[in-house]
Amino acid sequence: MARLRDWFVQDALPLWAAEGYDEAGGGFYEALHFDGRPFTGRPRRVRTQARQIHTFSQASLRGWRNGAEALAAEGFEHFLSRACPDHGARGCVHRLDDEGAVIDDRRDLYDQAFLLLACASRWEAAQDERALKLADKTIAFLDSELAAPQGGWRESDQGELPRRQNPHMHLFEAFLALYRVTGREEFLARAGQIRELFARVFYGAEKGVIREFFDEDWRLQDKDQPVEPGHMLEWVWLLRAYDRAHDRTHDRTAGADSGSVREKLYARALALGADPGFFGFFDNKSPLTGGVHGAKRLWPQTEGFRAALVLGRRQEAAALADNLFMTYLAVETPGLWVDEFDAEGRPVAKDTPASILYHLYEAVAEADAVLSMGEAG
């Protein structure tokens, strides 16, 4: 685990700080080539901008990278000026071009979740009042334009279907982060609403899985739809974070059943998605019957690593981290990674997406907490 943390701090952060930010035009690149050069000419997802702001803000707070705070601050300035028209009255847009011009002004729910996460980190790192103002405006926009009478929020201001659990999961993450850094009870209450939606809609208790796609009324779109092990593993960490937030408020009943749910989600992710023929890595998607293995991206592995640590399975986490260095991280340019392998274990990624740095940070942060506890003991 220490090796993974050291790789992130010594190789990944320096490379992405040096090559991943557009010094001329502003903002973060969407991807790097395998030789470390920026991938230009590709639309820049605003969620990627927000993820990078969050990651470098947190790296600065941990003292992992000199200049990380300046980079996060500069990225946030670009974000405010280009991605949030009208001072963020309707949150953020969907995509920018290399010059920072808006090329898709859709208000996507998934994007707003990462806007809120970035705002939490900017407040924590720099007490930037604009971050909390933007968060409040964005939440007001969600309530006024995207709130659905059946609970939760619609996919975007265009109201497309299906409805998904994934944006709500990341809103849950963002509300917990905002509560942690501000102590404002309203953020915890909003996380509680999504926790209720998790229990009522997303979690299929009978099969111990997370359901992904729904109609307008939160009816399951297809009862046999594949599951995503990576999302099941993300929820393991998030449910623990929610319980800890309620420990802070001395409410011991809010997540009384989440311990067993976390264990079941982890076990089912392993049973359905872990491919014993390819380092035990988790598939992108898995049929509910299991047994058929497909392509594997990096981010489900980082979530599996983090979930194992949350459940105290340090040996499983350590083995997964070691295997990463023989596969995803086995590239010529230190600090990059192969993002995806096909079902036969062949690398299929054409470049290194910036959006995955966030997943790597979250995994390494959990490892750092575990390692720090060991060192303190």
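Everything here concerns the structure above.
Definitions and cut-offs
- Residues numbered from 1 in each chain as written.
- Predicted model: local features only at pLDDT ≥ 70, side-chain atom pairs only at ≥ 80, totals over all residues.
- Heavy atoms only, no water.
- Salt bridge = Lys/Arg side-chain N within 4 Å of Asp/Glu carboxyl O.
- Helix = DSSP H or I, 4+ residues; strand = E, 2+ residues; numbered from the N terminus.
- Buried < 20%, exposed > 50% of the residue type's maximum accessible area, 1.4 Å probe, protein only.
- Phe/Tyr/Trp six-rings, centres within 6.5 Å; stacked < 30°, edge-to-face > 60°.

Caption draft 1: How the structure looks around the pattern of salt bridges. Going through the model one piece at a time under the given rule, you end up with 38 salt bridges. Here R44 makes a salt bridge to D22, at a shortest N to O gap of 3.0 Å. You can see R44 sitting in strand β2 (residues 44-45) and its partner D22 sitting in the loop between α1 (2-19) and β1 (31-32), a full 22 residues away along the chain. The same class applies to R44 and to D22, which are both buried. Close ionic contact of R37 with D35 constitutes a salt bridge, the shortest N to O distance being 2.7 Å. A residue is classified by how much of its surface remains accessible, and R37, at 45% relative accessible area, is partly exposed. Each member of the salt-bridge network shares a partner with another, and the members are R47, D104, R106, D108, D111 and E160.

Caption draft 2: Region of interest: the packing of aromatic side chains. On inspection of all chains with the given rule, the structure shows 24 aromatic pairs. Each ring, one from W64 and one from Y361, has its centre 6.0 Å from the other, and the planes form 65°; the classification is edge-to-face. A residue pair is termed long-range when its members are at least 10 positions apart, and W64 in the loop between α2 (46-61) and α3 (68-83) and Y361 in helix α13 (residues 356-376) qualify at 297 residues. Pair check on accessibility: W64 and Y361 agree, each one buried. When the ring of F278 is compared with that of F279, the centres are 5.5 Å apart and the planes differ by 75°; the resulting orientation is edge-to-face.

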